[in-house]
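An overview of the molecular structure
This is what each chain is made of:
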Amino acid sequence: MPPPGRGIAGPGDDFGSVPADPTSCFRILHVSTGNVCRSPITERLHRHALEERLGDVRGCGLLVESAGTWGHEGAPMETHAATVLADYGADPAGFIGRELLDEHVIRADLVLTATRDHRAQVISMGHSAGLRTFTLKEFNRLVRAIDPATLPAPDPDLPDGGLVARARALVGAAAALRGWLLAPNPESDEVYDPYGAPITFFRSIGDEINSALDPVVTALTGVPAPA
């Protein structure tokens, strides 16, 4: 189990409680460059959105983490990134950056990257990552085109609420659509790097990330965002 703060939360939080049977959990990996700005914001906003929809996330089977292609191993997230998370009521505490490794890609069921370059780097690592690696905005676009009725419905009688099977089906459906539903332009799939920018730019990037995540988390859980 990763130590507390390294993408997945630590003991006592089911975002970090990895079942003995790997098929009973679904790992979502957010990737940017340094793992101090975009991917920490995305990881923690993603967790926050799951908590808003599901309440008690223990046992939901969805594990959220992040890493960087040139990750600042052991570094805290940028101060402005933490401020953006606080703006949304998400928890920035305890985060520690890490460099993307083969093992992270191998065990991820879904990889969501900040840019097309990050996507290409993940895919170039091999491990049959192509069908489960998307930019965040690309995955948003594909998910919005998928009829939720075609996905397995959440099932409260299952230990994970049926969310793992639903998440796997969602990724498969998105991969099938990728060649048919193209971006209007390449830039529309990019989340630009705010590193070194003022807080106003960080907040605009936070808004982009939050907007891109909303339909993704709704599709994963079958629960819309609270009004």
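Structure: above.
Below: a short report on this structure. Being a predicted model, the structure only gives us computed values, none of them experimental. (Residues numbered from 1 in each chain as written. Predicted model: local features only at pLDDT ≥ 70, side-chain atom pairs only at ≥ 80, totals over all residues. Heavy atoms only, no water.)

**Focus on the sheet that holds strand S1 (residues 26–32)**
To keep things clear, this is the line we draw: In this description, strands pair whenever DSSP reports at least two bridges between them. Helix and strand assignments follow DSSP, with helices taken as H or I runs no shorter than four residues and strands as E runs no shorter than two, numbered in order from the N terminus. All axes are obtained by fitting lines to C-alpha atoms, using only the stretch in contact for helices, and the reported angles, taken between N-to-C directions, cover 0 to 180 degrees. By definition in these notes, contact holds between two residues if any of their heavy atoms fall within 4.5 Å.
Read from one edge of the open sheet, four strands run S2-S1-S3-S4, paired in parallel fashion. Both outer strands of the open sheet, strand S2 (62–68) and strand S4 (133–135), are each paired with one neighbouring strand and no more. Shown here is a sheet whose adjacent strand axes are inclined to one another by a mean of 25°, direction ignored. Pairing geometry for S1 and strand S3 (residues 110–113), over four bridges, is parallel. In the strand pairing of S3, Ile 28 is matched with Leu 110. Here helix H1 (residues 38–54) sits on the sheet and contacts S1 and S2; the angle it forms with S2, its principal contact strand, is near 170°.

**Brief notes about the packing of helix H5 (residues 136–144) against helix H6 (residues 163–177)**
Note the following rule: For classification, angles of less than 35 degrees are called roughly parallel, those exceeding 145 degrees roughly antiparallel, those between 65 and 115 degrees roughly perpendicular, and all remaining angles oblique. In this classification, the charged set is Asp, Glu, Lys and Arg, the nonpolar set is Ala, Val, Leu, Ile, Met, Phe, Trp, Tyr, Cys and Pro, and all remaining amino acids, among them Gly, are polar.
With their axes 9 Å apart at the nearest point, H5 and H6 run at an angle of 95° to one another. When the axes of H5 and H6 are compared, the pair comes out roughly perpendicular. Of H6, the residues touching H5 (which contributes Phe 139, Leu 142 and Val 143) are Leu 170, Val 171, Ala 174 and Leu 177. Partitioning the contact of H5 with H6 into residue classes produces seven nonpolar, no polar and no charged.

**Looking at the nonpolar core**
Put simply, the test is: As used here, the term nonpolar core means buried Ala, Val, Leu, Ile, Met, Phe, Trp, Tyr and Cys residues forming a set that is joined through side-chain atoms within 4.5 Å. Accessible area is worked out with a 1.4 Å probe on protein chains only. A residue is then buried under 20% of its type maximum, exposed over 50%, and partly exposed in between.
Counting 46 residues, the largest nonpolar core has Phe 26, Ile 41, Leu 110, Phe 134, Phe 139, Leu 170 and Ile 209 as the members making the most contacts within it. At the level of elements, S1, H1, S2, helix H2 (79–87), S3, H5, H6 and helix H7 (199–221) are the ones that each hand at least two residues to this core. Ranked by residue count, the leading element in this core is H7, at nine residues. Excluding residues within four positions of it along the chain, Phe 134 makes contact with Leu 110, Val 111, Leu 112, Thr 113, Arg 119, Phe 139, Leu 142, Val 171, Ala 174, Ala 175 and Arg 178. Core analysis: the second largest hydrophobic core is formed by nine residues, Ala 67, Val 105, Val 111 and Ala 129 among them.

**Observations regarding the packing of H1 against H7**
Counted only if it meets this: Helix crossings get a hand from a simple test, with the near helix turned counterclockwise from the far one by less than a right angle marking a left-handed crossing and a clockwise turn marking a right-handed one.
Contact geometry of H1 with H7 gives a least axis separation of 9 Å together with a crossing angle of 45°. Judged by the inter-axis angle, H1 sits oblique to H7. Seen from above, H1 lies across H7 with right-handed handedness. Judged by residue contacts, Arg 38, Ile 41, Thr 42, Leu 45, His 46, Ala 49, Leu 50, Arg 53 and Leu 54 of H1 engage Phe 202, Ile 205, Gly 206, Ile 209, Asn 210, Leu 213, Asp 214, Val 217, Thr 218, Leu 220 and Thr 221 from H7. Taken together, the residues of the contact of H1 with H7 sort by class into eleven nonpolar, six polar and three charged.

**Concerning unusual backbone geometry**
Positive phi values are uncommon outside glycine, yet Asn 35 reaches one of about 55°. Within the fold, Asn 35 resides in the loop between S1 and H1. You will see that Ser 128, though not glycine, has its phi angle at about 55°, which is positive. For Ser 128, the position within the fold is in the loop between helix H4 (116–124) and S4. Here Ser 128 falls in the exposed class, since its relative accessible area comes to 66%.

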